[in-house]
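Residue-level listing of the chains:
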Amino acid sequence: MRIMWNDPATSRLMYRLNAVWATAYAVLSIYCSATYTLYLPHRVGHYLPALIALGCWLWVLHCALLYRTDGPIRTRLDLGLLLPLFPMALASSLICYLRYLEQR
């Protein structure tokens with residue numbers, strides 16, 4: 001069994017903290033994607049919200065890899081923390097793209 005940290009309890013704690021912060025970042029990403037104003041009538045004004053949405057996807061993939069790495073010690077709670085992140089990242093990306101189409 002490959003455990004990222006020295007003991008399973010620490011590994012679970014670090015994963016859960018990472019998933020909670022990824023959820024908070026996804027909520028922030030959705031908020032930023034939904035409320036930004038395109039200050040320039042060009043794609044440059046859209047880069048920051050798009051990068052925030054991309055960061056959300058990267059963090060979700062990071063959480064999925066952490067879940068996969070220590071799979072034998074994960075519980076249902078850990079899976080429950082992981083699964084909502086994918087729709088949240090997708091929502092952030094779609095909202096960001098639709099907002100860009102609306103404002104260009």
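Novice: How do you make sense of the pattern of salt bridges when you look at a structure like this?
Specialist: Pairs can form between side chains of opposite charge whenever their charged atoms are close. Enumeration over the complete set of coordinates arrives at three salt bridges. Here Asp 78 ties to Arg 16 by a salt bridge, and the two come within 2.7 Å at their closest N and O atoms. Remark: Arg 16 occurs in helix α1 (residues 8-35) and Asp 78 occurs in helix α3 (residues 76-82); sequence separation between them is 62 residues. For Asp 78, a relative accessible area of 0% translates into the label buried.

Novice: Help me understand helix α2 (residues 47-69) in this model?
Specialist: The α-helix advances 3.6 residues per turn, and as a result positions three or four apart in sequence lie on the same side. Helix length check: α2 (23 residues) gives 32 Å between terminal C-alpha atoms against 33 Å at 1.5 Å per residue, within 8%. Buried within α2 are the following residues: Pro 49, Ile 52, Ala 53, Cys 56, Val 60, Cys 63 and Leu 66. Looking at the packing, one finds that the buried side of α2 touches α1, α3 and α4 (85-103).

Novice: Got a minute to help me understand the packing of aromatic side chains in this structure?
Specialist: Any pair of aromatic rings gets described here by the distance separating the centres and the angle formed by the planes. Taken as a whole and judged by the stated rule, the model has two aromatic pairs. Both rings, one in Tyr 15 and one in Tyr 67, keep their centres 6.1 Å apart while their planes meet at 50 degrees; by these two values the pair is tilted. Of this pair, Tyr 15 sits in helix α1 while Tyr 67 sits in helix α2, and the two are 52 residues apart along the sequence. A relative accessible area of 1% places Tyr 15 in the buried class. Their ring planes at 50 degrees and their centres at 5.5 Å tell us that Tyr 25 and Trp 59 sit as a pair that is tilted.

Novice: Quick question: what am I supposed to make of the environment of Val 27 here?
Specialist: Tracing the backbone through its elements, the reader meets Val 27 in helix α1. Take Val 27: its relative accessible area is 47%, and that puts it in the partly exposed class. For the pair Val 27 and Ala 91, spaced 64 residues apart in sequence, the C-alpha to C-alpha distance is 9.9 Å.

Novice: Looking at this structure, how should I read the environment of Ile 52?
Specialist: Relative to the helices and strands, Ile 52 is located in helix α2. Distance from Ile 52 to Ser 29, taken between C-alpha atoms, is 6.0 Å for residues 23 residues apart in sequence. For Ile 52, the residues in contact, after removing those within four places along its chain, are Tyr 25, Ser 29 and Cys 32.

Novice: Whenever I open this one, the packing of α1 against α2 confuses me. Can you help?
Specialist: Two numbers describe a pair of packed helices, the interaxial angle and the distance between the axes. Taken N-terminus to C-terminus, the directions of α1 and α2 make an angle of 160 degrees; their axes are 9 Å apart at the nearest point. Taken together, α1 and α2 sit at an angle that is classed as roughly antiparallel. Remark: the crossing between α1 and α2 carries left-handed chirality. Between α1, through Tyr 15, Asn 18, Ala 19, Trp 21, Ala 22, Tyr 25, Ala 26, Ser 29, Cys 32 and Ser 33, and α2, the contact on the second element is made entirely by Pro 49, Ile 52, Ala 53, Gly 55, Cys 56, Trp 59, His 62, Cys 63, Leu 66 and Tyr 67. Residue classes in the contact of α1 with α2 are distributed as 15 nonpolar, five polar and no charged.

Novice: Would you take a moment to explain a nonpolar patch on the surface for this structure?
Specialist: A grouping of Val 44, Tyr 47, Leu 51, Leu 54, Leu 58 and Leu 61 is seen on the molecular surface, where their side chains present a nonpolar patch of about 600 Å² in accessible area. When you line up the elements, Leu 58 lands in helix α2.

The rules behind each value
Residues numbered from 1 in each chain as written. Predicted model: local features only at pLDDT ≥ 70, side-chain atom pairs only at ≥ 80, totals over all residues. Heavy atoms only, no water. Salt bridge = Lys/Arg side-chain N within 4 Å of Asp/Glu carboxyl O. Helix = DSSP H or I, 4+ residues; strand = E, 2+ residues; numbered from the N terminus. Buried < 20%, exposed > 50% of the residue type's maximum accessible area, 1.4 Å probe, protein only. Expected span 1.5 Å × (residues − 1). Contact = heavy atoms within 4.5 Å. Phe/Tyr/Trp six-rings, centres within 6.5 Å; stacked < 30°, edge-to-face > 60°. Axes fitted to C-alpha atoms, helices over the stretch in contact; angles between N-to-C directions. Parallel < 35°, antiparallel > 145°, perpendicular 65-115°, else oblique. Left-handed = near helix turned anticlockwise from the far one by under 90°. Nonpolar A, V, L, I, M, F, W, Y, C, P; charged D, E, K, R; others polar. Patch = residues over 30% accessible without salt bridge, like charges linked within 9 Å, V, L, I, M, F, W, Y side chains within 5 Å. Areas by Shrake-Rupley, 256 points an atom, 1.4 Å probe, with all protein chains shown as cover.

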